[in-house]
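Chain by chain, the residues run as shown.
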Amino acid sequence: MFMTNGQVAARPMTPVVGRIRRRRRETQDTFTLEIELEKKRRFSFAPGQFNMLYVFGVGEVPISISGDPAESDVVRHTTREVGVVTGAMRGLKEGDYLGIRGPFGSAWPVEEAEGRDVVVIAGGIGLAPLRPVLYHLMDHRERYNRVTILYGARTPEDILYKQELGRWSARLDVEVFATVDRATRTWHGNVGVITTLIPRAPFDPKNALAMVCGPEIMMHFCVRELHRRGVTSDRIFVSMERNMQCAIGLCGHCQYGPHFVCKDGPVFRFDQIEEFFSVREF
Amino acid sequence: MEASAQQEEKPVAVEGGLRTGMINATEMQRLIDVLRKEGYQVLGPLLRDGAIVYDEVEAAGDLPAGWMDEQEGGVYHLKRRDDDALFGFAVGPHSWKRYLFPPMRRLWQAERKGKGKFRVIPEEETPQRRAFLGVRACELAAIAIQDRIFMQGPYVDPVYAARRQNTVIVAVNCGHAAATCFCASMDTGPQVRQGFDLALTEIVDAERHVFLVETGTETGAALLAKLEARPATNDDLAEARRIVERTAESMQRSLDTTDVHDLLLGNLDHPRWDEVADRCLACTNCTMVCPTCFCSTVEDLTDLSGKTAERVQLWDSCFSMQYSYIHGGSVRMSGMARYRQWLTHKLASWIDQFGTSGCVGCGRCITWCPVGIDLTEEVRAIRATAPPAPALEDESEY
Ligand SMILES: Cc1cc2nc3c(=O)[nH]c(=O)nc-3n(C[C@H](O)[C@H](O)[C@H](O)COP(=O)(O)OP(=O)(O)OC[C@H]3O[C@@H](n4cnc5c(N)ncnc54)[C@H](O)[C@@H]3O)c2cc1C
Ligand code: SF4
Ligand code: SF4
Ligand code: FES
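Since the model is a prediction, treat every value here as computed from it, not as a measurement.

**A closer look at the overall build of chain A**
(1) Moving on: Assigned secondary structure in chain A consists of six helices and 15 strands.
(2) Moving on: Relative to the globule expectation of 19 Å for 282 residues, the C-alpha radius of gyration of chain A, 18 Å, shows essentially globular dimensions.
(3) Moving on: Each principal axis of the C-alpha atoms in chain A carries an extent, and together these give about 50 × 45 × 40 Å.
(4) Moving on: Residues counted as buried form 63% of the 282 residues belonging to chain A.
(5) Moving on: For chain A, long-range pairs separated by at least 24 residues make up 71% of all intrachain contacts whose partners lie at least 6 apart in sequence.
(6) Moving on: Accessible surface, chain A: about 10600 Å² in total, of which carbon and sulfur atoms supply 48%.

**Here we look at the sheet that holds strand 8 (residues 130-135) of chain B**
Residue and element names in this part refer to chain B.
(1) Moving on: Spatially, 1-11-10-9-8-2-3 is the arrangement adopted by the seven strands of the open sheet, whose pairing is mixed. A strand with exactly one partner marks an edge of an open sheet, and here the two such strands are strand 1 (20-24) and strand 3 (51-56). Here the strands of the sheet are splayed against their neighbours by 25 degrees on average, with no regard to which way each runs.
(2) Moving on: Strand direction decides the pairing type here: strand 2 (residues 41-48) and strand 8, joined by three bridges, are parallel. Counted as the bridge partner of Leu43 is Phe132 from strand 8.
(3) Moving on: Contacting strand 1, strand 9 (167-172), strand 10 (198-204) and strand 11 (209-215), helix 6 (residues 218-225) runs over the sheet at an angle of about 145 degrees to strand 11.
(4) Moving on: Each of strand 1, strand 10 and strand 11 is contacted by helix 7 (residues 234-250), which is oriented at about 85 degrees to strand 10, the strand it contacts most.

**Side note on empty space enclosed by the protein**
Vacant regions in the atomic arrangement are exposed by a probe of water-molecule size rolled over the atoms.
Residues and elements named next belong to chain B.
(1) Moving on: Going through the model one piece at a time under the given rule, you end up with eight cavities of 30 Å³ or more.
(2) Moving on: Reported here for the largest cavity is a volume of approximately 130 Å³.
(3) Moving on: Taken together, 16 residues form the lining of the largest cavity, with Cys280, Cys286, Tyr339, Cys369 and Ile373 sitting closest to its centre.
(4) Moving on: A per-class count over the lining of the largest cavity returns 14 nonpolar, one polar and one charged.

**Some words on the nonpolar core**
(1) Moving on: If you look at the biggest cluster of nonpolar residues, it comprises 126 residues, and the most contacted ones within it are Ile121(A), Trp342(B) and Leu375(B).
(2) Moving on: The leading source of residues in this core is helix 3 (residues 137-151) of chain B, at 10 residues.
(3) Moving on: Among all residues touching Trp342(B), those that are not within four sequence positions of it are Cys286(B), Thr287(B), Cys293(B), Cys318(B), Phe319(B), Cys365(B) and Leu375(B).
(4) Moving on: Listed in part, the 32 residues of the second largest apolar core include Val34(B), Leu63(B), Val213(B) and Leu227(B).

**Things to note about the site of ligand 3**
(1) Moving on: The environment of ligand 3 is formed by Cys280(B), Leu281(B), Ala282(B), Cys283(B), Thr284(B), Asn285(B), Cys286(B), Phe319(B), Tyr339(B), Cys369(B), Pro370(B) and Ile373(B).
(2) Moving on: Taken together, the residues that form the shell around ligand 3 break down as 10 nonpolar, two polar and no charged.

**Points about the pattern of salt bridges**
Residue and element names in this part refer to chain B.
(1) Moving on: Under the criterion given, the structure shown has 49 salt bridges over all chains.
(2) Moving on: One salt bridge connects Arg383 with Asp256, and the closest N-O pair in it is separated by 3.6 Å. Taken together, the residues span a long stretch of sequence, with Arg383 in helix 13 (residues 375-385) and Asp256 in the loop between helix 7 and helix 8 (260-265) at a distance of 127 residues.
(3) Moving on: Arg383 gets classed as partly exposed once you look at its relative accessible area, which sits at 27%.
(4) Moving on: Overall, the relative accessible area of 39% leaves Asp256 in the partly exposed class.
(5) Moving on: Note that Glu275 is salt-bridged to Arg279, the shortest N-O span being 2.9 Å.

**Here's the deal with the packing of aromatic side chains**
Describing an aromatic ring pair means giving the distance of the ring centres and the angle of the ring planes.
Residues and elements named next belong to chain B.
(1) Moving on: Taken as a whole and judged by the stated rule, the model has 28 aromatic pairs over all chains.
(2) Moving on: Ring geometry for Trp96 and Phe132: centres 4.7 Å apart, planes at 15 degrees, overall stacked. Of this pair, Trp96 sits in the loop between strand 5 (75-80) and helix 2 (97-100) while Phe132 sits in strand 8; the two residues are 36 residues apart in sequence, bridging distant segments of the chain. Comparing Trp96 with Phe132 shows no difference in burial state: the two are buried.
(3) Moving on: The ring centre of Phe89 lies 4.7 Å from the NZ or CZ of Arg136, which sits over that ring.

**Observations concerning the site of ligand 2**
All names here are of chain B.
(1) Moving on: The full set close to ligand 2 counts 13 residues, and Cys290, Cys359, Cys362, Gly363 and Cys365 are the nearest of them.
(2) Moving on: For the shell around ligand 2, the elements supplying multiple residues, two or more each, are helix 11 (335-354) and helix 12 (364-367).
(3) Moving on: The residue makeup of the shell around ligand 2, split by class, is nine nonpolar, two polar and two charged.

**Notes on the domain arrangement of chain B**
All names here are of chain B.
(1) Moving on: Each domain of chain B was delimited in the assignment, giving domain 1 (8-102 + 124-249) and domain 2 (260-293 + 318-385).
(2) Moving on: Inter-centroid distance (C-alpha atoms) of domain 1 to domain 2 is 29 Å.
(3) Moving on: Across the contact, 28 residues belong to domain 1 and 26 residues belong to domain 2.
(4) Moving on: Here domain 1 and domain 2 share an interface that buries about 2000 Å² over both sides, 64% of which is from carbon and sulfur atoms.
(5) Moving on: Joining domain 1 to domain 2, the criterion identifies one salt bridge.
(6) Moving on: Glu139 is the salt-bridge partner of Arg364, the closest N and O atoms lying 2.5 Å from each other.

Reading the values: the criteria
- In this convention, every chain numbers its residues from 1, walking through the sequence in written order.
- Each chain gets a letter, beginning with A, and each ligand a number, beginning with 1, in the order they are written.
- Local features in a predicted model are, by the rule used here, given only for residues with pLDDT of at least 70; side-chain atom pairs are given and counted only at 80 or more, and totals for whole chains, interfaces and linings are based on all residues.
- Just so you know, side-chain values use all the structure's heavy atoms and leave hydrogens and water out.
- Elements are defined by DSSP. Helices are runs of H or I of four residues or more, strands are runs of E of two residues or more, and each kind is numbered from the N terminus.
- Computation of the radius of gyration draws on C-alpha atoms, with the globule rule given as 2.2 Å multiplied by the number of residues to the power 0.38.
- The classification of residues rests on relative accessible area computed with a 1.4 Å probe and restricted to protein chains. Under 20% of the type maximum is buried, over 50% is exposed, and intermediate values are partly exposed.
- Only heavy atoms enter the contact rule, under which two residues are in contact if any of them lie within 4.5 Å.
- Residue-level accessible areas treat just the shown protein chains as cover; the underlying method is Shrake-Rupley with a 1.4 Å probe.
- Two strands make a pair as long as DSSP finds a minimum of two bridges between them.
- In this analysis an axis means a line fitted to C-alpha atoms, helices contributing only their contacting stretch, and an angle means the value between N-to-C directions, from 0 to 180 degrees.
- With a 1 Å grid laid over protein atoms only, a set of points is called a cavity when a 1.4 Å probe fits there but cannot get out and a pocket when it is open yet has protein on both sides within 12 Å along at least five of seven lines; lining residues have an atom within 4 Å of a point.
- Grid points are joined across faces, edges and corners, and a volume is the space filled by probe spheres set on the points.
- All residues other than Ala, Val, Leu, Ile, Met, Phe, Trp, Tyr, Cys, Pro, Asp, Glu, Lys and Arg, Gly among them, are scored as polar; the first ten of these are nonpolar and the last four charged.
- Only buried residues count toward a nonpolar core. Its members are Ala, Val, Leu, Ile, Met, Phe, Trp, Tyr and Cys residues joined through side-chain atoms within 4.5 Å.
- Throughout this document, a residue counts as near a molecule or strand when at least one of its heavy atoms sits within 4 Å of that molecule or strand.
- Within this document, salt bridges are pairs made up of a side-chain nitrogen of Lys or Arg and a carboxyl oxygen of Asp or Glu, the two lying within 4 Å of each other.
- Aromatic pairing here means that ring centres of Phe, Tyr or Trp (its six-membered ring) are within 6.5 Å. Orientation follows from the plane angle: under 30 degrees is stacked, over 60 is edge-to-face, and everything else is tilted.
- Counted as over-ring charges are cases with an Arg CZ or a Lys NZ within 6 Å of the ring centre that also lie within 35 degrees of the ring normal.
- Here the limits of each domain have been adopted from an automatic or database domain assignment.
- As used here, buried area is the combined drop in accessible area, with a 1.4 Å probe, of two parts when they are placed together.

Below you can see the structure in the form of structure tokens.
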């Protein structure tokens, strides 16, 4: 099913190359690359999975797949520039190549969520790994009960995928709530941390399923609010981030207690990791 | 030859071969010659820079005849024995992992092809046939553990697998335990039980210097058939077993593994972690000498012209700060968190991950720790002062 499967099996550490077909600036520090694989290889993935992207001579980093799981001719990644590799990646132009290995990791529970109220909670770049879920929900809207998107960004300028969020919030069957830490003059929406949106969000805690992605501290407080509303840990899913060098469970870097975030995660059902989640420096 | 996990515990009897045999110590040369003639590079113990290390052995004379090691926390030195035993020592700073999972290797290369374009050149490795001579019981256990990690998960490390398949193992039962050894309490030794092609027990006294040879595979049986051996008697076997039993009895250290998984993971905020962190230098020695530690990192290199790039893999350690670095800072900043990661992984979460402890009781991490930190002591201290019922559930505050 997966494009690099044969490749990954035989040489799990060796990337294939892909060509940047389109490059799109999302915000001042984020950009989306549309990558076409060499030899027109197809690519399929499950929402929540990630690839290892390699910039020639610089390094390789884990980046979630942010495209539509229904499309297979192109791989999309939205990256925030934070350091050496993501900085070099930002400098790549349309037509340039990068190395790609994947897809790796676990997926968001889009099937398990069927028939339920679905609450998608994202902070900052955390919306990128959840966008494939949103595409899937919109494409199969009839399979789900209420759909709510809660999104928090630093400032209105940092809001990712503005057009799409706008399109989705225009739908009658989807509720989108956004909040920013710092407002600008033109912002008429919510100001404050994302957790303030949870108590008011329209979902039934008894049957809702929540998918949360963002900085660990943000997920920590979101989970606490979800618990307060009565959503149990077995219906909360989070995506964890740890240093990753191999993505195949061999280098050890991504360990989180018994788990390897690269192969057992990045998406975990919260009760799988709950006992460690509040342990500092674990 | 096969991965130890697939091997039967009982030696395989082979037609025309011997299940057991007795050889004179002088036959060691023939064993080395036979292996070399069959295309194996023979790796075994030899003296270098004041330690017994593993490297290529061309002749039996390279083996550290008549030497033994004395070890304690932070202490290792060699001493003459009063006999000429070839394997009369315990384990040194090297482990066999360096030959199956090398400290550094190239993963692939890449070459620029015009502006912005490049191609990836996979690394081809033709594995060298190798014979490991003098593998201890704890080391066999360590190899079996790394087999699980590198060959039995969803992804296989092809280089490890290829090297492993091309390795012949000549194990040796221990006639001497260092003061740092605790394999008996980890149930990994000192008696060799599985995962070998040949297993030797050295019998050296006033009358004789011989080896009991036992075969674990057909490869081993074929090797034994090429040696000048006489059948082993029941007395020979009994004497060999007695030697190993004496070694087990002489062992000074032990680690109580009862419920150690819950003990450690249920005491993540135990004050002992801070106490040991005050002594630990985070030098990474313990992880480098440990025969089961498998962490690695990668480095990207380019040539001056920027035309070619390569990616190499290097051993890494959870004691380094970069190990857990993610944008914004390392997850495990404090030495406390790093030591805790090491020990909880080794003795607890390893069991969740691979169905086995990550410690085989070889004692290397104790000997090679510059400040002599001893994991058996750390576990004992936590056990002694842990609250009576460590309950994992209590950790979450929700
Ligand atoms: C499963 C997963 C999915 C991710 N998805 C995305 C995404 O969709 N978009 C996005 O912008 N970012 C994503 N990240 C974070 C991204 O991997 C880091 O921002 C990136 O590695 C930083 O690399 P750098 O060299 O630019 O930063 P530097 O600060 O220079 O980091 C140096 C090195 O440290 C390691 N490192 C640093 N930060 C991280 C991190 N957060 N996670 C893992 N390794 C790190 C990398 O090896 C990196 O090369 C994801 C991380 C994980 C684990
Ligand atoms: S943890 Fe120490 S005693 Fe245990 S296998 Fe590793 S080096 Fe040997
Ligand atoms: S425990 Fe000892 S050997 Fe290991 S990192 Fe600390 S000081 Fe070094
Ligand atoms: S990234 Fe290497 S083990 Fe998970």
